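# Understanding the architecture of this molecule
Single-letter residue listing:
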Amino acid sequence: MPVITYREALRHAMCEEIERDENVILMGEEVGQFHGAYKVSEGMLAKYGPKRIIDTPISEAAFIGAGIGASLLGVRPVMELMFFSFYTVAFDQIFNNAANMRYMSGGLTHCPIVIRGPANGGTNVGATHSHTPEGIAAYHPGIKVVVPSNAYDAKGLMKSAIRDNDPVMFMENTMLYGESCEVPDEEYLVPLGKAKVMREGTDLSIIGHGRPIQLALQAADLLKEKHNINAEVIDLRSIRPLDEETLLNSVKKTNRALFVEEAKPFCSVGAMVACIIQEKAFDYLDAPVKRVTSMDSPAIYCPPLEKIQLPNVDRIFTAALDLLK
């Protein structure tokens, strides 16, 4: 099985879907001639031409709005944001229009659009370029939210997102683009709304999504090595729809839950998951649900301080030990 990067997996997924369906296009800032800001779309303009790979002006409200309009007419646009932080410029287009289109038409109209790009800190680009808005996106009924943690899932989830008839916010991480894993050549899909048990365990459940899953797996290795603690790691993969069954089954088995995410703690996905666990698995808990999040301030520009602000292996390791006291 070939080993490819997260970046290549996304490219392969988009290429396969463009070749499978003549209605699939890629639009965004510098996706064509510049090969994408992070080279995810490298070579796609030469391969598919300017009618399928479309460079747009630096105006998110305009080109996201154009993509939403096109999706209502049968096109399946994949829209790249150079940074996901810029979704705020198109907030009305995404959450007031795309999210409500199918509901307000009584199911007669669909809006099959994927809005993708990097949503993360850790790259020292400042507070206005480092948002992780999966909780904000998931707040809105009608929007699906996907946050893959590895190349295999990135490809399978992207293909499923492109085929979905609802708008999908597909949040990537620039720090994962160069990470590699085995990805099969043959076609496969990863369904939206299905979590994955990344590591079996019995002593506590570490739950999360995106890059923090990689950190959680490293912390789980340390817990086993240093304290013989068997941590189970659950990758949600998608936030909406949310696979409650898998995460609750894990907590009922281990009796402890630690949620790890890069987002800020207030009104976060982790806060929602903690509420779900408290409501539906309270009798199984031997300790309160604990969270490791980004520290509650705008993203810090200073590289050493930003590393401390974000979740890291040491913080996850320490929180797990506290949970088991």
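One structure accompanies this document, and this report is about it. All values derive from a computational prediction rather than experimental measurement. Residue positions are given per chain, counted from 1 along the sequence in the order it is written. Selection of residues for local features in this predicted model requires a pLDDT of at least 70, selection of side-chain atom pairs for listing and counting requires 80 or more, and totals for whole chains, interfaces and linings are taken over all residues. Hydrogens and water are ignored here; the side-chain numbers use all heavy atoms of the structure.

## Focus: the environment of E30
Condition: Labels follow the DSSP assignment, with helices taken as runs of H or I lasting at least four residues and strands as runs of E lasting at least two, numbered in each case from the N terminus. Residue contacts follow a heavy-atom distance rule, with two residues in contact if any of their heavy atoms lie within 4.5 Å.
Tracing the backbone shows E30 in the loop between strand 2 (24–28) and helix 2 (44–48). When the C-alpha positions of E30 and M1 are compared, they lie 32 Å apart, and in sequence the two are 29 residues distant. Beyond its immediate chain neighbours, meaning those up to four positions away, E30 contacts H35, G36, A37, D55 and M82.

## Digging into the nonpolar core
Worth spelling out the cut-off: We call a set of buried Ala, Val, Leu, Ile, Met, Phe, Trp, Tyr and Cys residues a nonpolar core when their side-chain atoms join them within 4.5 Å. Per-residue accessibility, obtained with a 1.4 Å probe over protein chains only, is compared with the maximum for each type, and a residue is labelled buried under 20%, exposed over 50%, and partly exposed between these values.
In terms of nonpolar packing, the biggest core is built from 41 residues, with I64, I94, I115, M169 and I277 touching the most fellow members. If you list the elements that add at least two residues to this core, you get strand 2, helix 3 (60–71), helix 4 (91–97), helix 6 (134–138), strand 7 (168–172), helix 9 (244–254), strand 13 (257–260) and helix 10 (269–280). At 4 residues, the largest contribution of residues to this core is made by helix 10. Not counting chain neighbours up to four residues away, the residues in contact with I64 comprise M79, L81, A90, Q93, I94, I113 and I115. Counting 32 residues, the second-largest nonpolar core is a separate cluster that includes V24, Y48, L157 and A161.

## A look at the packing of aromatic side chains
Defined as follows: Each Phe, Tyr or Trp ring (for Trp, its six-membered ring) is paired with any other whose centre lies within 6.5 Å, and the angle between the two planes then decides the class: stacked below 30 degrees, edge-to-face above 60, tilted in between. Put simply, a charge is over a ring when the Lys NZ or the Arg CZ is close to the ring centre, within 6 Å, and near the line of the ring normal, within 35 degrees.
For the structure shown, the criterion picks out 9 aromatic pairs. Between Y38 and F83, the ring centres sit 6.1 Å apart and the planes meet at 90°, which makes this aromatic pair edge-to-face. With a gap of 45 residues between them, Y38 in the loop between strand 2 and helix 2 and F83 in the loop between strand 4 (76–80) and helix 4 connect regions that are remote in the sequence. Accessibility expressed as a relative area gives 23% for Y38, which makes it partly exposed. Of the residues examined, F83 reaches a relative accessible area of 13% and is grouped as buried. Aromatic pair Y87 and F95: ring centres 6.2 Å apart, planes at 85°, arrangement edge-to-face. Here the two residues Y87 and F95 agree in accessibility, since each one is buried. Three or more aromatic residues joined by ring pairs make a cluster, and in this case those are Y6, Y38, F83, F86 and Y177. Directly above the aromatic system of F317 lies the positively charged group of K226, at a separation of 5.8 Å from the ring centroid.

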